[in-house]
Amino acid sequence: VVVDPAILAEPKNAPQEPMSAEQLRRIHQAVDKNQNGKVSVAEVVDFARHMNKVITSKEVQGILKDLDKDQDGRLSWQEYLDDLHRFHNPPDDADEEMLKEFET
């Protein structure tokens with residue numbers, strides 16, 4: 001799968017529209033070089049390098065630590081979607097308080 005770098009470009013001063021599910025899936029597939037359905041640390045680092053971005057394996061591991069729910073060291077499509085959902089639909093303060101109550 002080839003991803004057009006323009007999909008990831010962030011034009012300055014342009015309103016940012018959400019990416020479509022298809023665009024997100026294409027990005028996940030492009031990063032997933034071995035096409036096993038999960039994105040590894042090395043695949044993220046390689047993809048970033050391809051996009052002329054610099055990120056270390058340690059930085060990627062730190063990010064994946066929070067997103068990788070099954071703790072297999074790789075990011076599945078579902079884990080990626082779950083993170084996007086949490087990012088775009090953060091709990092309000094009341095929900096956060098209830099969550100804290102149940103965690104203790």
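Preceding this paragraph is the structure being described.
Everything in this summary refers to the structure shown in the same document. (Residues numbered from 1 in each chain as written. Predicted model: local features only at pLDDT ≥ 70, side-chain atom pairs only at ≥ 80, totals over all residues. Heavy atoms only, no water.)

It is worth spelling out helix α4 (residues 57–67) at this point. Residues of α4 that are buried include every one of V60, L64 and L67, and no others. Seen end-on, α4 carries its buried residues on one side only, within an arc spanning 55°. For α4, exposure combined with an orientation more than 90 degrees from the buried face picks out K58, K65 and D66. (Buried < 20%, exposed > 50% of the residue type's maximum accessible area, 1.4 Å probe, protein only. Helix = DSSP H or I, 4+ residues; strand = E, 2+ residues; numbered from the N terminus. Arc of directions from axis to C-beta.)

Glancing now at unusual backbone geometry. Most peptide bonds take the trans configuration, and most residues that are not glycine carry a negative phi. Positioned with a positive phi, Q35 is a non-glycine residue whose angle comes to about 55°. Its place among the elements puts Q35 in the loop between α2 (21–31) and β1 (38–40). By relative accessible area, Q35 is classed as partly exposed at 45%. Even without being a glycine, N52 presents a positive backbone phi close to 60°. Of note, N52 is situated in the loop between α3 (41–50) and α4. N52 gets classed as exposed once you look at its relative accessible area, which sits at 72%.

What tends to happen in soluble globular proteins is that the nonpolar side chains get buried as a cluster. Membership of the largest hydrophobic core comes to 15 residues, with the highest contact counts inside it found for V31, V41, F47, V60, L64, L75 and Y80. Put simply, the parts of the chain that give this core at least two residues each are α2, α3, α4 and α5 (77–88). Ranked by residues supplied to this core, first place goes to α2 with four residues. (Core = buried A, V, L, I, M, F, W, Y, C linked by side-chain atoms within 4.5 Å.)

Let us now look at the environment of I63. Mapping I63 onto the fold places it in helix α4. The partly exposed category is assigned to I63, whose relative accessible area is 45%. Distance from I63 to V41, taken between C-alpha atoms, is 9.6 Å for residues 22 residues apart in sequence.

So, about the environment of V41. Residue placement: V41 occurs in helix α3. Using a relative accessible area of 15% as the deciding quantity, one classes V41 as buried. C-alpha of V41 to C-alpha of G73: the two residues are 32 residues apart in sequence and 7.5 Å apart in space. For V41, the residues in contact, after removing those within four places along its chain, are S57, V60, Q61, L64 and G73. (Contact = heavy atoms within 4.5 Å.)

Time to look at α2. Within α2 the residues assigned to the buried category are L24, I27, H28, A30 and V31. Summarising the axial view, the buried residues of α2 lie within an arc of 165°, below the 170-degree limit, and thus occupy one face.

In the structure shown here, the tally under the stated rule is one aromatic pair. With 5.6 Å between their ring centres and 45° between their planes, W77 and Y80 make a pair best called tilted. Within this pair, W77 and its partner Y80 are both found in helix α5, separated by three residues, close to a single helical turn. Note on W77: relative accessible area 14%, which makes it buried. Taking relative accessible area as the criterion, Y80 reaches 18% and is therefore assigned buried. (Phe/Tyr/Trp six-rings, centres within 6.5 Å; stacked < 30°, edge-to-face > 60°.)

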